[in-house]
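Secondary and tertiary structure notes
The primary structure of each chain is shown beneath.
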Amino acid sequence: MISSEKTENNIPVFKFLSGGALAWLITLCVPFTNTFEDKKAKILAFLLLALFGGILGGIGYIIPIIFNPWVNYIGYPILQLIILIALIAKPKQ
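The structure contained in this document is the topic of the report that follows. Source: prediction; values computed, not measured. Along each chain, the written sequence defines residue order, and numbers are assigned to residues from 1. Side-chain atom pairs in this predicted model are given and counted only at pLDDT of 80 or more, local residue features only at pLDDT of at least 70, and totals for whole chains, interfaces and linings cover all residues. Computation of side-chain values covers all heavy atoms of the structure but excludes hydrogens and water.

Turning our eyes to something else, we now look at the environment of Ala-23. Secondary structure is summarised from DSSP: a helix means a run of H or I of at least four residues, a strand means a run of E of at least two, and numbering begins at the N terminus for each. Looking at the secondary structure, you find Ala-23 in helix α1 (residues 4-29). A C-alpha to C-alpha distance of 6.8 Å links Ala-23 and Phe-52, two positions 29 residues apart in sequence. Any two residues having at least one pair of non-hydrogen atoms within 4.5 Å are treated as being in contact. Not counting residues up to four positions away in its chain, the partners in contact with Ala-23 are Leu-49, Phe-52, Gly-53 and Leu-56.

With 20 residues, helix α3 (residues 69-88) extends 29 Å from end C-alpha to end C-alpha; this agrees with the ideal 28 Å at 1.5 Å per step. The largest bend in α3 is about 25 degrees, located at Gly-75, with the proline Pro-77 one to four residues further on. To sort residues, take the accessible area from a 1.4 Å probe on protein chains only and compare it with the maximum for the residue type: under 20% means buried, over 50% means exposed, and anything in between is partly exposed. Taken as a whole, α3 has its buried residues at Pro-69, Asn-72, Tyr-73, Tyr-76, Pro-77 and Gln-80. By this rule, a helix spans an expected 1.5 Å times one less than how many residues it contains. The quantity called bend is, for any residue, the angle between two axes fitted respectively to the seven residues ending at it and the seven beginning at it.

Turning our attention to a nonpolar patch on the surface. Side chains of Ile-26, Leu-79, Leu-81, Ile-83, Leu-84, Ile-85, Leu-87 and Ile-88 sit close together on the surface and give an oily, nonpolar patch of about 750 Å² of accessible area. Per element, the largest residue contribution to the nonpolar patch is seven residues, and it comes from α3. Residue placement: Leu-84 occurs in helix α3. With relative accessibility at 31%, the residue Leu-84 sits in the partly exposed group. Like-charged residues within 9 Å of one another, or nonpolar side chains (Val, Leu, Ile, Met, Phe, Trp, Tyr) within 5 Å, are grouped into patches, provided each residue has over 30% relative accessible area and no salt bridge. Shrake-Rupley sampling with a 1.4 Å probe provides the accessible areas, and residues are treated as covered by the protein chains on show and by no other component. When a carboxyl oxygen of Asp or Glu is within 4 Å of a side-chain nitrogen of Lys or Arg, the pair counts as a salt bridge.

Think of a pair of aromatic rings as described by two things: how far the centres are apart, and how the planes are tilted against each other in angle. Two aromatic rings, drawn from Phe, Tyr or Trp (for Trp, its six-membered ring), form a pair once their centres lie within 6.5 Å of each other, and the interplanar angle then sorts them: stacked below 30 degrees, edge-to-face above 60, tilted otherwise. Applying the stated criterion across every chain yields a total of two aromatic pairs. Each ring, one from Phe-14 and one from Tyr-73, has its centre 6.1 Å from the other, and the planes form 70 degrees; the classification is edge-to-face. Here Phe-14, found in helix α1, pairs with Tyr-73, found in helix α3; they are 59 residues apart in sequence, far enough to count as distant. You can call Phe-14 partly exposed: its relative accessible area is 43%. Note on Tyr-73: relative accessible area 14%, which makes it buried. Summarising the aromatic geometry, the rings of Phe-16 and Trp-24 are spaced 5.7 Å apart at their centres and angled 55 degrees between planes, so their arrangement reads as tilted. A relative accessible area of 25% places Trp-24 in the partly exposed class.

Below is the structure:
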């Protein structure tokens, strides 16, 4: 049986990982894209996205627990995805 003390000690780690997961998933796709003209740009994009994932993970770590840690684990990445889609989507004219 898992004690609540051990579980509560892991919450910040999981909040960090769930906060950066979306950016790190996109980072893993960078080597397989053909949109970059040279290798330097691809490496730079990979490193910047990995750093961005760390920053988003840090923000996820700082956000206080809302009702239950699962709200943070699932809600924060969904919020990131909604914001990303809103930034990418072009308004129809």
